[in-house]
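# Tertiary structure, described
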Amino acid sequence: MQTLKQYRAAEALERQLGDPLNDANTLSFKNAMSWDEAEAFPQPAVDLLYRLGVNHHYVPASYGGRFTSYEEFQSLARSVARRDLATAVTFSTLVWSTLVWVGGDEQQKRRMAKTLRWTKEALCLAYSEEHHGADLIANECRAEKTAQGWRLNGEKWPINRATRSGGMAVLAKTGRERDSRSLSLFMVDKLDLDPAAYTNLPRVKTYGLRGCDISGVRFDNCQIPERSLIGDVGQGLELALRAFQVTRTLCAGLSLGVADTALRSTLDFALNRKLYGGTVFDIPNARRMLGEAFIDILICDCMATAAVRGLHVSTEQFSVWSAVAKYFVPATLERTVQELSVVLGARHFMRERHQHGIFQKMLRDGAVVGLFDGSSQVNLHALGLQLRHTTKARRNAGPDTARDERLATIFDLGRVLPSFDGRRLDLFSRGRDDVMQGFASALEHLHGLDSGTEVDGVVLGHLLRLTDEAMQALLALDALLDGPQGRALNPQSSQLFTYAKQYCVLHGAATCLHMWLYNRARLDGYFAAGEWLALALQRLLGQLRPQPDTLPNAYHEHAAERLKHLHDHQKLFSIVPLQLAPSHSNEEEKHHDRANTR
Amino acid sequence: MTAQILAKQTDPHGVGLAQHEIESRLTDMLAETLRIAPAEIDVSRPLPHYGLDSIDAVTLAGDLEDWLNVELPSTLLWDYPTVEGIASYLGEALRAQPAQTAHAPQDSQGIDDDLLDHLDDLEPGQIDALLDELIP
Ligand SMILES: Cc1cc2nc3c(=O)[nH]c(=O)nc-3n(C[C@H](O)[C@H](O)[C@H](O)COP(=O)(O)OP(=O)(O)OC[C@H]3O[C@@H](n4cnc5c(N)ncnc54)[C@H](O)[C@@H]3O)c2cc1C
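Residues numbered from 1 in each chain as written. Chains lettered and ligands numbered in written order. Predicted model: local features only at pLDDT ≥ 70, side-chain atom pairs only at ≥ 80, totals over all residues. Heavy atoms only, no water.

## Things to note about the overall build of chain A
Just so we agree on the cut-off: Each helix is a run of DSSP H or I of at least 4 residues and each strand a run of E of at least 2, with the numbering of both proceeding from the N terminus. Here the term buried applies to any residue with accessible area under 20% of the maximum for its type, exposed to any over 50%, and partly exposed to those in between, with areas from a 1.4 Å probe on protein chains only. By the convention used here, residues are in contact when the closest approach between their heavy atoms is within 4.5 Å. Surface accessibility follows the Shrake-Rupley procedure with a 1.4 Å probe radius. Residue values consider only the protein chains on display as shielding. The charge count includes Lys and Arg as positive and Asp and Glu as negative, but it does not include His or the ends of the chains. Every charge is mapped onto a representative atom, which is NZ of Lys, CZ of Arg, CG of Asp or CD of Glu.
If you tally the helices and strands in chain A, you get 22 helices and 10 strands. Projected onto its principal axes, the C-alpha coordinates of chain A cover approximately 75 × 60 × 40 Å. A total of 598 residues make up chain A; the buried ones form 62% of that total. For chain A, restricting intrachain contacts to residue pairs at least 6 apart in sequence, the fraction spanning at least 24 positions comes to 76%. Carbon and sulfur atoms provide 51% of the accessible area of chain A, an area that totals close to 23,000 Å². Taking the average place of the 70 positive charges on the side chains of chain A and the average place of its 68 negative ones, the gap between the two points comes to 2 Å.

## Some points on the interface of chain A and chain B
So the rule is basically this: Once two parts are put together, the accessible area they lose, assessed with a 1.4 Å probe and summed over both, is termed the buried area. Think of a salt bridge as a Lys or Arg side-chain nitrogen and an Asp or Glu carboxyl oxygen that are within 4 Å of each other. Under the rule applied, a polar contact is a pair of N or O atoms within 3.5 Å (in protein, one hydrogen donor and one hydrogen acceptor; residues adjacent in sequence only if both atoms are side-chain atoms).
Contact residues are listed per partner, giving 22 residues for chain A and 22 residues for chain B. Between chain A and chain B, the buried area comes to about 1,900 Å², and carbon and sulfur atoms account for 52% of it. For the chain A face of the interface with chain B, the top three residues by lost area are Arg181, Phe428 and Arg430 of chain A, together amounting to 26%. There are 5 salt bridges connecting chain A and chain B. For Arg181 of chain A, the salt bridge identified is with Asp79 of chain B, shortest N-O distance 2.8 Å. Applying the counting criterion to the chain A and chain B interface returns 11 residue pairs in polar contact (both at pLDDT 80 or more). Listed by contribution, the elements that provide at least two residues to the side of chain A that touches chain B are helix H8 (236-272) and helix H12 (376-396) of chain A.

## Topic: the pairing of strand E2 (residues 142-145) of chain A
Residues and elements named next belong to chain A. Quick reminder of the rule: Two strands qualify as a pair provided that DSSP identifies no fewer than 2 bridges between them.
Where E2 and strand E3 (residues 149-160) come together, 4 bridges link them in antiparallel fashion. By the bridge assignment, Lys145 is partnered in E3 with Trp150. With antiparallel pairing between neighbouring strands as the criterion, E2 and E3 make up a hairpin whose turn holds 3 residues.

## Details of helix H9 (residues 284-313) of chain A
Condition: A helix is expected to span 1.5 Å for every residue after the first.
The end-to-end C-alpha separation of H9 of chain A is 43 Å, in line with the 44 Å expected for 30 residues at 1.5 Å each. Counting buried positions over the 30 residues of H9 of chain A gives 25, a clear majority of the element.

## Description of the domain arrangement of chain A
Definition in use: Boundaries between domains were set according to an automatic or database domain assignment.
Partitioning chain A into domains gives domain 1 (5-118) and domain 2 (386-396 + 430-547). Distance between the C-alpha centres of domain 1 of chain A and domain 2 of chain A: 34 Å.

## Re the site of the ligand
All names here are of chain A. What counts here: We call a residue near a molecule or strand as soon as one heavy atom of that residue lies within 4 Å of the molecule or strand.
Around the ligand sit 16 residues, and of these Leu125, Ser128, Ala134, Pro158 and Asn160 come closest. One of the side-chain nitrogen or oxygen atoms of Ser128 is found 2.7 Å away from a nitrogen atom of the ligand. Measuring from an oxygen atom of the ligand, one finds a backbone N or O atom of Asn160 at 3.0 Å. Within the residue set of the shell around the ligand, elements represented by two or more residues are E3 and H12.

## Considering the nonpolar core
Applicable threshold: Working definition of a nonpolar core: buried Ala, Val, Leu, Ile, Met, Phe, Trp, Tyr and Cys residues. They are joined through side-chain atoms within 4.5 Å.
Counting residues in hydrophobic clusters, the biggest one holds 213 residues, and the most contacted among them are Leu85, Phe328, Trp516 and Trp532 of chain A together with Leu64 and Leu77 of chain B. Mapped onto the domain boundaries, this core takes at least three residues apiece from domain 1 (5-118) and domain 2 (386-396 + 430-547) of chain A. Setting aside residues up to four positions removed in sequence, Leu85 of chain A forms contacts with Leu209, Leu254, Val258, Asp365, Gly366, Val368 and Val369 of chain A. Among the nonpolar cores identified, the runner-up in size contains 21 residues, and Cys124, Ile159, Met168 and Ala197 of chain A belong to it.

Here it is in structure tokens:
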């Protein structure tokens, strides 16, 4: 099967970065571990990514860059993240250019394109302050208007790449206390600054991402030019929240990279570790747990892929969708990796030996994704507040051909995406959520499938039962939200957080179903057979309430076999299993195979 | 920002409501969100003083949309942070919106040719809104 066009760049990057198990490669597990141990900035890896031109993917084609879609973009980030999250998080601060692409003027966009394409000047996002995290309005760092531009005073901390960056996106107070229009956003170029007017704050020692430059900055009457202001005075919070809708969505790719390595590394161990006259993989429960981790990854893969495609199509809905993706994917995969540690056993606790101890590093590094860029709590809160509206909008939504068309564009992976238009990002989706509004029609579609010819009758039976349960759960949630009790919920009520989590789970179920329906004919036989979908739905429903395992054991076995197959052929654990960097021995095998078939 | 309603709605509610009626309804909605008595809300006091945070304010704009059956800017309550301010914005926007003049701001093609032919019949508020839309 030919690789989908949008994944070719990632396959090329895979070949260029090489096998992370080969110690000679720059982005090898060995190097990633030694930077981590030494708390050293991953400079060689960053240099390599620049040499390979990955920076050009942060610039839209209209400004001379190589950005085509967030789907392609995310697949590149995932390739880096599966090798070293510290490198991925360090390099990907370039994504803060989103603020300029979304809110900047022509001049600022041209300047940003030039910086990203032709210099190695990195960016950082300077929002947080020591005394104010998620509560941005409470920020104290202030910008005052001067004759030449603005004057900054205050501190930003903890900031990834604060010290090692050329540009800083600074959110600063320009207005009254708790006014939502009291913040403005500045893209500060350090070259414009008087070196005496700002100080880098010392690096913080961290639990994970130990090689990263997590530091801060202090401004003392620091003069910045007028052209630093992005958008209008008072537009800071609005721009920040709109750009977060993009970057929060992209966080899913980082978690997927981490989970891929955690599973691959554990599987490697399980396949080779001999005990009781067999291997760990031969132990039914170990195999089951590996298979379940694989299904978790497929669920999150569907969600991440749909979301990055959705950014191009249903852009206005991302106050809902980005919160779902940012909460669900990191939270789910963090748990998945935790569970895998049980299979890896003693080695999960070691900072050396099995694959240089990469598992524990992934476990530590991965824990940051659910925390930065808007924590799980912040996203659940933002989502919870919108649930009454999504319920209502879904109730009022009838058949809608425009929505069907959007869903087809998002989910059919063979369709070309329209170019992304950041102006369409909106702080409020007005209850719209195509994935969920299209759930009922996806169920109809499922009911219309021909049992036996189009899909195995038993599989279809399970899918009908499980999706029906998901729909019942959604209706029950709607009834809770829309009933007198739901309407009386305080915006800070912890009940709302629970409902938001449930909504994410059901969003995951609907997403997997759409993905399957639209790509059964496009992707491979394992995907088309639908057993994975039944496993995924059962696993998701299990998060709502305890479920007996009602699926044939063969489905679990096939999942484990599929996993092993992807592992043996160096394919990504994904519904689109793109070709990873080949290992040397496997390269030889392939030549051998080819010679034999000739 | 000129008072305007973003999307075409066939049936906006609340047209013809008096300013004080809008204010009193708004006060009730806020009181409900903030869990305080309506009497505690001073129509000229900025809402953040009552603990309404930025995201709550966006959601509340959504509640207003539901009530009036119109589409409003999501940041309406950021730009008009008092009950009085919101009510006067809404009053003006609703008056400027006898059905066919509602419009989406970014979409100048969306303006009815019909409407351009009848410029003379428009009220000042409508003309302002139209100009706003044509001149970026
Ligand atoms: C490795 C690392 C890198 C970072 N990089 C950056 C960076 O590059 N730029 C940057 O600006 N910041 C960065 N941060 C800061 C990070 O984004 C902050 O952690 C975040 O702003 C939250 O702040 P806080 O944890 O201090 O908690 P606070 O915001 O003070 O919150 C404390 C707790 O209150 C609860 N809470 C907060 N808000 C809500 C809510 N709305 N609903 C319910 N509960 C809530 C949560 O449980 C939260 O943990 C980084 C942090 C780390 C660890």
